[in-house]
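Residue-level structure breakdown
Single-letter residue listing:
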Amino acid sequence: MAKFTVKPNELSKINLIPPKKEWMDTPVEIKEHMYCHPAKIKELNVVGFPNAREWRPADEDWKLPAGWEQTILEGMQSLLKKYRSFSLFMDICVRCGACADKCHFYIGSGDPKNMPVLRAELMRSVYRGNFTLAGKILKKIAGARDLTVNVLKEWWYYFYQCTECRRCSVFCPYGIDQAEITMMGRELLNLLGLNIGWIAGPVAACYMKGNHLGLEPHTIKSTIELFVEDIETLTGIKIEPSFNRKGAEILFVTPSGDLFANPGTYTAMGYMMLFQELGLDYTWSTYASEGGNFGFFTTNEMAKRLNSKIYAEAKRLGVKWILGGECGHMWRVLHQYMDTWNGPADFLEEPVSPLTGTKFDNAKTTKMVHIVEFTADLIKNGKLKLDKSRNDHLKVTFHDSCNTSRGMGILEEPRYVINNVCNHFYEMPENTIREKTFCCGSGTGLNASENMELRMRGGFPRANAVKHVHDKYGVNMLANICAIDRATLSAAMDYWVPGVGVAGTHELVANALVMKGEKERTLDIRLEPLPGKEGNEEVSENV
Ligand code: SF4
Ligand code: SF4
């Protein structure tokens, strides 16, 4: 596939003129740079997913297994029985159109099949044609159609152009959740081996090694030890992290992305500095070494299997409760599914902060606390010494992750933390933040390089809001509490709003944190001079 080279000023010219024919008569066109490579055979085989084979989305023949139509329809029937939400969402849409212009992929592409209402119709039409009397008799008049190869291709193309962000559901008077429909669509496609590599690869790695990147225990340990060296250079304080330590009070679980690439690594260093300063009795696990769950983008059962290691490891180590790092979909899974999938975790205790005594009632059943809640509580109770001026080189705005905002209601805590560690914070426009936040455009496993046009189109509305505060206030840092955001928004900012960096909230905390016994800090976590400390060449050379 040729490299994606379209410039932002060209991509922002969005064609909103709909096709001449009705949507059912407009066949899907599989466009380069708008889809991900298929999953590899070995990745599907590792976890026992069916119908693994070589196939290419641009080919006419997808080498579908014999009887594929029956497989899909039986799968659909089973999901309709299993999930009341799915069955409800197939029936209740009144086509009011309130959701139509709310999807970042529609806004960024102008493709009507990216309107949430129409994305759902791709599946509803097949549902009507096969599971309703009116659809069976009246066919197209009742909005029904048969399941054909072209319909299947359309499903694949458009269910992998939905990041399950749930923004459309905020505006739907019935609360129809397109994310649930997309999840069902992907689950059905998975029955035919129609998964994508960027999802299946991390799933296979997580199943075999405990994390999406396939990091071995010794790699995790040595990576964290490199962070220890950097932190010592910055602060003069040597941290001694513990791994797989039985009897620790807290198991700390975070996305492996935080161990792998900048700027996530700075966030990981931030956690470590915070825990050191608190004297927290915690341990990393090299087995439950992934908070994220790409299984969630394949099947419910796969997500459950990958998730189970967190409670299993908490039990093995005998910890009291679990603290989780900054992530998006990790928290949707932990907050909304883990307890019923793999709980109840009765062997754990209701989380209580050992520093403030605060009981985290919201984590009473899951026994797992989000680090931004934990840190906000520390600040509220005066447990941290913070020097906000160390972040004075940053003008910060905050991107609400779709999952932590719409899926968990974590809206105030990150803002409270950021306002306590930074002097310059600016909100993006009201209709683009909190519950109405725009997706980064590359979630749910779409963070590949071959679908860059899709990602940049999907990231356009978020970037546009960042550009607004960049132009108006000089914002140069986009903070967040999600590992995927840290990866995806970096690319979106480079493309749409150059000059704006991306940082985890705990990177900002670590900059401001005044640690007991630290040497004079001259550099921030990125080894760049702190405000007022520019030109300290001696320290820079030592680094
Ligand atoms: S869930 Fe998000 S990506 Fe999917 S249709 Fe709705 S707004 Fe678009
Ligand atoms: S807002 Fe809800 S009811 Fe209206 S078209 Fe969209 S999904 Fe259907």
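How each quantity is defined
Residues numbered from 1 in each chain as written. Chains lettered and ligands numbered in written order. Predicted model: local features only at pLDDT ≥ 70, side-chain atom pairs only at ≥ 80, totals over all residues. Helix = DSSP H or I, 4+ residues; strand = E, 2+ residues; numbered from the N terminus. Rg over C-alpha atoms; globule rule 2.2 N^0.38 Å. Buried ≥ 20, exposed ≤ 12 C-beta atoms within 10 Å, placed from the backbone. Pairing = 2+ DSSP bridges. Right-handed = clockwise from strand over helix to strand, strands pointing away. Domains from an automatic or database assignment. Contact = placed C-beta atoms within 7 Å. Nonpolar A, V, L, I, M, F, W, Y, C, P; charged D, E, K, R; others polar. Axes fitted to C-alpha atoms, helices over the stretch in contact; angles between N-to-C directions. Parallel < 35°, antiparallel > 145°, perpendicular 65-115°, else oblique. Left-handed = near helix turned anticlockwise from the far one by under 90°. Near = placed C-beta within 6 Å.

**Focus: the overall build of the protein chain**
Broken down by element type, the protein chain carries 23 helices and seven strands. The globule rule puts the C-alpha radius of gyration for 543 residues at 24 Å, and the 24 Å found for the protein chain is close to it. In terms of its C-alpha atoms, the protein chain occupies a principal-axis envelope of roughly 75 × 50 × 40 Å. By the burial criterion, 50% of the 543 residues in the protein chain qualify as buried.

**Topic: the pairing of strand β7 (residues 501-504)**
As paired strands, strand β6 (residues 477-480) and β7 are joined by four bridges and run parallel to one another. Counterpart to M477 in the pairing with β7 is G501. Considered for its hand, the β-α-β crossover made up of β6, helix α21 (residues 483-496) and β7 is right-handed.

**A closer look at the domain arrangement of the protein chain**
When the domains of the protein chain are assigned, the result is domain 1 (14-30 + 50-194) and domain 2 (203-512). Distance from the C-alpha centre of domain 1 to the C-alpha centre of domain 2: 32 Å. The interface is formed by 16 residues belonging to domain 1 together with 20 residues belonging to domain 2. Those elements giving two or more residues to the side of domain 1 that touches domain 2 turn out to be α5 (104-109), α9 (167-171) and α10 (178-191). At five residues, α5 tops the list of elements feeding residues into the side of domain 1 that touches domain 2. Looking at the side of domain 1 that touches domain 2 residue by residue, the class counts come to five nonpolar, six polar and five charged.

**As for unusual backbone geometry**
The bulk of non-glycine residues show a negative phi, and the bulk of peptide bonds are trans. At the junction of N262 and P263, the peptide bond is cis and its omega measures out at 5° in the coordinates. Relative to the helices and strands, P263 resides in the loop between α13 (257-260) and α14 (264-278). Even without being glycine, R95 reaches a positive phi, approximately 55°. Along the polypeptide, R95 turns up in the loop between α4 (84-91) and α5. Its identity is not glycine, yet K139 carries a phi of approximately 50°, on the positive side. Looking at where K139 falls in the secondary structure, it is placed in the loop between α7 (133-138) and α8 (149-159). Exposure remark for K139: the 15 C-beta atoms within 10 Å place this residue in the partly exposed category.

**Observations regarding the pairing of β6**
Going residue by residue along β6, you find M477 and A479 tucked away on one face and L478 and N480 tucked away on the opposite face as well. Here strand β5 (residues 396-398) runs beside β6; their pairing, made up of three bridges, is parallel. Each residue of the ladder has a partner; that of V396, found in β6, is M477.

**A few points about the packing of helix α19 (residues 412-421) against helix α22 (residues 505-512)**
Any two packed helices are characterised by the angle at which their axes cross and by the distance between the axes. Between α19 and α22, the least distance of the axes is 9 Å, while the angle of their chain directions is 30°. The orientation of α19 relative to α22 falls into the category roughly parallel. By crossing handedness, the relation of α19 to α22 is classed as left-handed. Taken together, the residues of α22 that come into contact with α19 (itself represented by P414, V417, I418 and V421) are T505, L508, V509 and A512. Considering only residue class, the contact of α19 with α22 consists of seven nonpolar, one polar and no charged.

**Considering the site of ligand 1**
Inspection of the region around ligand 1 gives 16 residues, with C103, P116, C162, C165 and C168 positioned closest. Taken together, the elements giving at least two residues each to the shell around ligand 1 come down to α6 (116-131), α9 and α10. No other element matches the three residues that α10 contributes to the shell around ligand 1. Partitioning the shell around ligand 1 into residue classes produces eight nonpolar, three polar and five charged.

**Thoughts on the sheet that holds strand β4 (residues 368-370)**
Within a beta sheet, neighbouring strands are joined by backbone hydrogen bonds and run either parallel or antiparallel to one another. Taken in spatial order, the four strands make up an open sheet running β2-β1-β3-β4, and their pairing is parallel. Edge positions in the sheet fall to β2 (282-284) and β4, since each has one partner strand and no second. Recorded for the sheet is a direction-independent mean angle of 30° between the axes of neighbouring strands. In this sheet, β2 lies alongside strand β1 (residues 250-253) in parallel orientation, the contact comprising three bridges. The residue bridging F252 from the neighbouring strand is W284, located in β2. On the sheet, helix α15 (residues 300-317) packs against β1, β2 and β3 (321-324) and is oriented at approximately 150° with respect to β1.

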